[in-house]
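Coordinate analysis (summary)
Here is what each chain is made of, one letter per residue.
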Amino acid sequence: MSVKILEEENRTVAVLSGEIDHHSARGIRTEIDYAVREKQPQELILDFSDVGFMDSSGIGLVMGRYKLMQELNGKVIVRNPPSHIKKVMRLSGIDRLAAISSGEEGVCRK
Amino acid sequence: MKTENEMKISFISKSENEGFARTAVSAFAALCDPCVEDIADIRTAVSEAVTNCIVHAYRGTQGIVEITARILSGNELYIRIKDKGCGIADVKQAMEPLYTSAPFEERAGLGFAVMESFMDSLSVRSEVGRGTVVTMRKRIGGKDE
């Protein structure tokens, strides 16, 4: 599991790859939160394009980042989740808190 | 139902074994020719059950998680995940979506909801102080990829 943080103007992009479970979530959380607290962006993009597996620990991860971004009056966008990850997200209702975008730029609210 | 094939694994409740457990079970499940979606469902359900053992059953301690998987006649996958941890006092409450006893660790409270929705059936038997047995079943095949 790895996280690559890209700083863009007013937004932080966290490019996730590998498998997200309870074991890996803690490290991912620490890295993202460090970058967000440092930069205080208006938007946090969590890019799931290269995530091969995610269980409900990933939902906790998105929910926690949603709360953090709310403290900063910002928002969270989930980018490009593969279909089986979208299935977990839909079950959790997380799509009501974070917009799920399927393209690089366009944000489609379901 | 007749058992066509069976495997058993047991491992220490370390979080790095979550990935091992779901991979081992999905490799076994692959023997009954599932589609990609079935495998993703099985991996996710097993990951949830094993995480419960590690996060809740053996909280603050370490114990053994035991998984038995069977392929039953009619291409049905049976998975039993057993721990000898603290047990669940109120199984009904634990199974409610979004209920979690560990909100500060960013647990979403969705483990059982995921198992229930990704598998065909789920049963949870638990006794405080003795442990928990989670049993799940899923029919493989019958769907086109």
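Residues numbered from 1 in each chain as written. Chains lettered and ligands numbered in written order. Predicted model: local features only at pLDDT ≥ 70, side-chain atom pairs only at ≥ 80, totals over all residues. Heavy atoms only, no water.

1. Focus: the sheet that holds strand β1 (residues 3-12) of chain B
Residue and element names in this part refer to chain B. Strand order in this open sheet of five strands is β1-β2-β3-β5-β4, and the pairing throughout is antiparallel. Edge positions in the sheet fall to β1 and β4 (121-127), since each has one partner strand and no second. With direction set aside, neighbouring strand axes in the sheet form an average angle of 10 degrees. With respect to the sheet, helix α2 (residues 36-57) is in contact with β1, β2 (64-72), β3 (76-83) and β5 (131-139), its orientation differing from that of β3 by roughly 10 degrees. (Pairing = 2+ DSSP bridges. Helix = DSSP H or I, 4+ residues; strand = E, 2+ residues; numbered from the N terminus. Axes fitted to C-alpha atoms, helices over the stretch in contact; angles between N-to-C directions. Contact = heavy atoms within 4.5 Å.)

2. Let's talk about the interface of chain B and chain A
Listed as interface residues are 25 residues of chain B and, on the opposing side, 21 residues of chain A. Of the roughly 1,800 Å² buried where chain B meets chain A, counting both sides, 54% is carbon and sulfur surface. The largest per-residue losses of area from chain B upon contact with chain A belong to R22, E106 and L110 of chain B, which jointly make up 28% of the total buried on that side. Taken together, the connections running from chain B to chain A amount to seven salt bridges. R43 of chain B is the partner of E19 of chain A in a salt bridge, and the nearest nitrogen-oxygen pair spans 2.7 Å. (Buried area = accessible area lost by both parts, 1.4 Å probe. Salt bridge = Lys/Arg side-chain N within 4 Å of Asp/Glu carboxyl O.)

3. Details of the nonpolar core
Counting 35 residues, the largest nonpolar core has I42, I67, I79, I81 and M136 of chain B as its most contacted members. In terms of residue count, α2 of chain B provides more of this core than any other element does, nine residues in total. When neighbours within four sequence positions are excluded, I67 of chain B is seen to be in contact with M7, K8, I9, F11, A21, V25, V46, V50, I79, R80 and I81 of chain B. The next biggest cluster of nonpolar side chains, apart from the first, holds 30 residues, and it includes L16, I59 and M89 of chain A together with A113 of chain B. (Core = buried A, V, L, I, M, F, W, Y, C linked by side-chain atoms within 4.5 Å. Buried < 20%, exposed > 50% of the residue type's maximum accessible area, 1.4 Å probe, protein only.)

4. Thoughts on the pattern of salt bridges
Tallying each qualifying case throughout the model produces 19 salt bridges over all chains. Across the pair R22 of chain B and E19 of chain A runs a salt bridge, and its minimum N-O distance is 2.6 Å. You can see R22 of chain B sitting in helix α1 (residues 17-29) and its partner E19 of chain A sitting in strand β2 (residues 11-20), one on each of two chains. Looking at R22 of chain B, the relative accessible area reads 1%, which means it is buried. E19 of chain A gets classed as partly exposed once you look at its relative accessible area, which sits at 29%.

5. Topic: the confidence of the model for chain A
Do not read the fine detail of predicted coordinates wherever pLDDT is low. On average, residues of chain A score 91 in pLDDT, and 93% of them are at 70 or above. Predicted confidence is poor over residues 105-110 of chain A, with pLDDT under 50, and the contacts of this stretch with residues over four places away or in other chains come to twelve contacts. (pLDDT = per-residue confidence, 0-100.)

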